[in-house]
Amino acid sequence: MKVVLLNPGPVTLSARVRQALLGPDLCHREPEFAGLQHAIRDKLLSVYDLPANDWAAVLLTGSGTAAVEAMIAGCVPRGGHLLVIENGVYGERMRTIAERHGVAVGTASGPWLAAPDLATVDTALAATPGYTHVAVVQHETTTGRLTDLAPLAAICARYGARLLIDAVSSFGAETIDFASWPVAACAATANKCLHGVPGTGFVVCRRDAVATTPPRSVYLDLGAYLRAQDAGGTPFTQSVQTFYALDAALDEFFAEGGRAARRERYLARIGAVHATLVGLGVRPLLADGERSCVLHAYELPAACDYQRLHDALKQRGFIIYAGQGRFAQEIFRISMMGDITSDDVARLQAALVEILG
Ligand SMILES: *Cc1c(COP(=O)(O)O)cnc(C)c1O
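In what follows, the accompanying structure is described. Computed from a predicted model, the values in this text were never measured in an experiment. (Residues numbered from 1 in each chain as written. Predicted model: local features only at pLDDT ≥ 70, side-chain atom pairs only at ≥ 80, totals over all residues. Heavy atoms only, no water.)

**So, helix α3 (residues 64-75)**
Compared with an ideal rise of 1.5 Å per residue, which puts 12 residues at 16 Å, α3 spans 16 Å between its outermost C-alpha atoms and is within 8% of the ideal. By the criterion of burial, α3 is predominantly enclosed, with 10 of the 12 residues buried. (Helix = DSSP H or I, 4+ residues; strand = E, 2+ residues; numbered from the N terminus. Expected span 1.5 Å × (residues − 1). Buried < 20%, exposed > 50% of the residue type's maximum accessible area, 1.4 Å probe, protein only.)

Printed below as a string of structure tokens:
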């Protein structure tokens, strides 16, 4: 039986991406590796049409959190000051990362069910000595909230603060206006909206935004990766097979129409499932207009606890995702990333009707 992953990464792989894992053995000190790495870095910039003289993609062997950690440790200079916006698990994780690296950090925290409070951010940025950087999660996967970054970017621009974006579950599907917003960097991973294999994370950064000397980390030293990769090398062994898979996934991404097409496809899939669930009386956690195209969260119906719903769906070939933290017993989440066909969606709809109807 085909297993369809509806959890927010890792995702169901296409045959082409899986096959790419079987590429030839390759030493990461050989020119063939340099070519592969170069191609992936170029394609990652192409996802958002970024010019290579101002922007760089930096590839890391690690999960999305490694990329977020490298971004924060590598972009907030010594003497810099970071404001982290928190309304879910991933915002809180960014604060912890900053603290562990000794970055001077303040927070603008709000309830998990609310959008970030812009007035709080404005007040924080207006204080002296002021913040150099603001870290925000674009798609807070905890609840499925897509934060509208445009007004936040405007506030940051007014105070001269630069944005560090956790775009781990949005890069490749949601809009990031790199040209107009004061973005220093964003962090993401191969195995969410880009449909690659887990094991490669990356930071897309402005070349002039990678600052910190001396570096705060050995393995996650963003500047060291940037310099080595520009020269065709890598400071450490990379996960070569995962690179093959990401390269194939990016080719597939562009062949399927790029970012706008991916977003449309996610919206069509999740819209269909949403209609079925709402028809069954299941309530979405967030209001219309607040949800991402990637993942929706729903309140568990009174008659069905998470384990029962999970197990019944798993029996039918679908893996859903529980809530985190205080939502662990209250919600379930369905993500639409990965190689999911319209037939899979139809079978999922039928399974939901069978289980919850
Ligand atoms: C998945 C995710 C991460 C990182 O998760 P890893 O397990 O380290 O890949 C970070 N932020 C967000 C918003 C995510 O959805």
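**Regarding helix α11 (residues 342-356)**
Because each turn of an α-helix spans 3.6 residues, side chains separated by three or four positions end up pointing in the same direction. Taking 1.5 Å per residue as the helical rise, α11 with its 15 residues ought to reach 21 Å, and the 21 Å between its terminal C-alpha atoms agrees with that figure. Buried within α11 we find D344, V345, L348, A351, L352, I355 and L356. Buried residues of α11, viewed axially, fall in a sector of 120°; they line one side. Opposite the buried face of α11, by more than 90 degrees, sit the exposed residues S342 and E354. Considering only its buried residues, α11 is in contact with β1 (4-5), α9 (258-279), α10 (306-315) and β12 (318-319). (Arc of directions from axis to C-beta. Contact = heavy atoms within 4.5 Å.)

**A closer look at the sheet that holds strand β14 (residues 331-335)**
Each strand in a sheet pairs with another by means of backbone hydrogen bonds, the pair being arranged parallel or else antiparallel. If you walk across this open sheet you meet the three strands as β11-β14-β13, and the pairing is antiparallel. Sheet topology places β11 (295-299) and β13 (321-322) at the edges, where each strand pairs with a single neighbour. In this structure, β11 lies alongside β14, joined through five bridges in antiparallel fashion. When the bridges of β14 are listed, Y298 appears paired with F332. Here α9 sits on the sheet in contact with β11 and β14, set at roughly 10° to β11. (Pairing = 2+ DSSP bridges. Axes fitted to C-alpha atoms, helices over the stretch in contact; angles between N-to-C directions.)

**So, the pairing of strand β8 (residues 162-166)**
Burial runs high along β8: four of the five residues are buried. As judged from the five bridges shared by strand β5 (residues 133-137) and β8, these two strands associate in the parallel manner. Across the sheet, V137 pairs through a bridge with D166, a residue of β8. Judged from the four bridges that link them, β8 and strand β9 (residues 183-189) form a sheet pairing that is parallel. For L163, the partnering residue across the bridge sits in β9 and is V183.

**Considering the site of the ligand**
Taken together, S63, G64, T65, Y90, V137, H139, T141, D166, V168, S169 and K192 make up the full set of residues near the ligand. Contact between the ligand and K192: an oxygen atom at 2.8 Å from a side-chain N or O atom of the residue. Alone, the ligand offers 380 Å² of accessible surface; in the complex the protein occludes 84% of this. Because more than half of its atoms lie within 2 Å of the grid, the ligand is assigned to the largest pocket. Within the shell around the ligand, the residues separate by chemical class into three nonpolar, six polar and two charged. (Near = heavy atom within 4 Å. Polar contact = N/O pair within 3.5 Å; in protein donor to acceptor, adjacent residues only side chain to side chain. Areas by Shrake-Rupley, 256 points an atom, 1.4 Å probe, with all protein chains shown as cover. 1 Å grid on protein atoms, 1.4 Å probe; cavity = no way out; pocket = protein on both sides within 12 Å on 5 of 7 lines; lining within 4 Å. Sits in = over half its atoms within 2 Å of the grid points. Nonpolar A, V, L, I, M, F, W, Y, C, P; charged D, E, K, R; others polar.)

**A closer look at the side chain of S14**
Relative to the helices and strands, S14 resides in the loop between β1 and α1 (15-20). Overall, the relative accessible area of 6% leaves S14 in the buried class. Only 3.1 Å separates the side chain of S14 from the backbone nitrogen of V17, close enough to count as a polar contact. Leaving out residues up to four positions away in the same chain, S14 has contacts with E252 and D339.

**A look at the sheet that holds strand β2 (residues 55-61)**
Taken together, seven strands build an open sheet; the order of strands is β2-β10-β9-β8-β5-β3-β4 and the sheet is mixed. A strand with exactly one partner marks an edge of an open sheet, and here the two such strands are β2 and β4 (105-109). When strand polarity is set aside, the average angle formed by the axes of neighbouring strands in this sheet is 20°. Strand contacts of helix α6 (residues 149-159): β3 (82-86), β5 and β8, with the helix running at about 150° to β8, the strand carrying the most contacts. Strands in contact with helix α7 (residues 222-230) are β2 and β10 (200-206); relative to β2, the strand with the most contacts, it is inclined by about 110°.

**Comments concerning the pattern of salt bridges**
This structure, assessed with the given rule, holds 18 salt bridges. A salt bridge links D247 to K43, with the nearest nitrogen and oxygen atoms 2.7 Å apart. Of this pair, D247 sits in helix α8 (residues 240-255) while K43 sits in helix α2 (residues 31-47), and the two are 204 residues apart along the sequence. Because the salt bridges share partners, they merge into one network encompassing K2, D343, D344 and R347. (Salt bridge = Lys/Arg side-chain N within 4 Å of Asp/Glu carboxyl O.)

**A closer look at the layout of surface pockets**
Roughly 310 Å³ of internal volume is contained in the largest pocket. Along the wall of the largest pocket there are 23 residues; nearest its centre are T65, Y90, R93, V168 and K192. At the level of secondary structure, the elements contributing two or more residues to the lining of the largest pocket comprise α3 and α4 (89-100). Taken as a whole, the second largest pocket holds about 180 Å³ of empty space. For the second largest pocket, the lining is made up of 15 residues, of which H38, R41, D42, R207 and D230 are closest to its centre. Elements with a contribution of two residues or more to the lining of the second largest pocket: α2, β2 and α7. Considering each element in turn, the lining of the second largest pocket owes the most residues, six residues, to α2. Split by residue class, the lining of the second largest pocket holds seven nonpolar, four polar and four charged. (Points joined across faces, edges and corners; volume = space filled by probe spheres on them.)

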